[in-house]
Amino acid sequence: EKITSWTKGPSSQLKRCLYGKNAYEYAMEYTKQFWNAYKDNKKFFRIHINDGQEGSNEVISYLNDPLYDFIREFYDKGWLNNTLLMIVSDHGNPLAGPLSAINPRDFKIEKTLGTLFLMIPNERRLYENGIYEDIKENSQTFVTPFDVHDTLVHIAYGDEYKEDKYSQQGQSLFTYIDYTERYCENPKLNYKISSFDCHCFYQNKTVM
């Protein structure tokens, strides 16, 4: 029987702990062990952290300093020199909590607004290929998990990546995305986002 409440289960508003440690610590420790063991090999590694899967927005805040220390250690050891680091969430926070109780307009928008951060290696080849310029242009653009998928495919195939071969609904973030076409109702992209779940609105993009 699955037990889920605000104190138990995947949506608990209490810290996730196992045997005296935060659950995310085990994932971070294993990642560092793996990287040290295979530092001379090409690799793909995924960490799943579930601390943000709750409505108070409190539990995820305990991850701020450990995540900084984790990335800083990678930087200090030179492990980020040839590594693309991607921090992604599948959606915003639509779970029951203080914000959902008052249901403000910001909450309606943010609940479908996932996190996406990229840390790109500083390599001349990426500058020469125009990838850095495209990433800069794509900042503050409406993107979806389809785009994350195509970006990973682009990394895997490199120069052999064909933009229209893998997904008709996504595009690699390493290629220029026409932000004027990015809105829920665009029939060309066929996002199939219902009007109930579409909280974006078309506007001119401002890059800060």
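Use the structure listed above.
The shown structure was predicted, so the numbers you read here are calculated from the model rather than taken from an experiment.

Tell me about a nonpolar patch on the surface, and name the residues and values.
The grouping of L18, Y19 and Y26 at the surface amounts to a nonpolar patch, some 380 Å² of accessible area in total. Inspection of the secondary structure puts Y26 in helix α1 (residues 23-37). Residue Y26 is classed as partly exposed on the basis of its relative accessible area of 32%.

Provide a residue-level description of the pattern of salt bridges, including the pertinent values.
Inspection of the entire model under this criterion finds six salt bridges. The salt bridge partner of D76 is R72, with a shortest N-O separation of 3.1 Å. Taken together, the residues D76 and R72, both in helix α2 (residues 64-76) and four residues apart, mark about one turn of the helix. Assessed through its relative accessible area of 38%, R72 is described here as partly exposed. A cluster of three or more residues bridged by salt bridges with shared partners is formed by K32, E73 and K77.

Please provide a residue-by-residue account of the side chain of R182, values included.
Here R182 shows up in the segment after α7 (145-157). Look at R182 and you get buried, because its relative accessible area is 8%. A polar contact is formed between the side chain of R182 and the backbone oxygen of F142, at a distance of 3.0 Å. In this view, R182 contacts T141, F142, V143, T144, D147, Q171, I177, L189 and Y191; residues no more than four positions away in its chain are not counted.

I'd like a description of the environment of E185, backed by residues and values.
Note that E185 resides in the segment after α7. In this structure E185 comes out as exposed when scored by relative accessible area, which is 58%. Spatially, the C-alpha atoms of E185 and F34 are 43 Å apart, while their sequence positions differ by 151 residues.

Would you mind going over the environment of N122 in detail, with residue names and values included?
With respect to the helices, strands and loops of the structure, N122 is situated in the loop between β4 (116-119) and α5 (124-128). In this structure, the C-alpha to C-alpha distance between N122 and T112, residues ten residues apart in sequence, is 31 Å.

Describe in detail the packing of aromatic side chains, supporting the description with residues and values.
Scanning the model with the defined rule gives nine aromatic pairs in all. Ring geometry for F34 and Y38: centres 4.9 Å apart, planes at 45 degrees, overall tilted. Here F34 falls in the partly exposed class, since its relative accessible area comes to 22%. For Y38, a relative accessible area of 42% gives the class partly exposed. One aromatic cluster is present, built from ring pairs that chain together Y30, F34, W35, Y38, F45, F70, F74 and W79. For the cation-ring pair, K43 lies above W35, with the distance from its terminal atom to the ring centre recorded as 4.9 Å.

If you had to explain the side chain of T144 to someone new, which residues and values would you point to?
Secondary-structure assignment places T144 in the loop between α6 (131-138) and α7. Those residues in contact with T144, other than ones at most four positions away along the chain, are Q169, R182 and Y191.

Rules of the game
- Residues numbered from 1 in each chain as written.
- Predicted model: local features only at pLDDT ≥ 70, side-chain atom pairs only at ≥ 80, totals over all residues.
- Heavy atoms only, no water.
- Patch = residues over 30% accessible without salt bridge, like charges linked within 9 Å, V, L, I, M, F, W, Y side chains within 5 Å.
- Areas by Shrake-Rupley, 256 points an atom, 1.4 Å probe, with all protein chains shown as cover.
- Salt bridge = Lys/Arg side-chain N within 4 Å of Asp/Glu carboxyl O.
- Helix = DSSP H or I, 4+ residues; strand = E, 2+ residues; numbered from the N terminus.
- Buried < 20%, exposed > 50% of the residue type's maximum accessible area, 1.4 Å probe, protein only.
- Polar contact = N/O pair within 3.5 Å; in protein donor to acceptor, adjacent residues only side chain to side chain.
- Contact = heavy atoms within 4.5 Å.
- Phe/Tyr/Trp six-rings, centres within 6.5 Å; stacked < 30°, edge-to-face > 60°.
- Lys NZ or Arg CZ within 6 Å of the ring centre and 35° of its normal.

Purely spatial values, then, with no claim about function.
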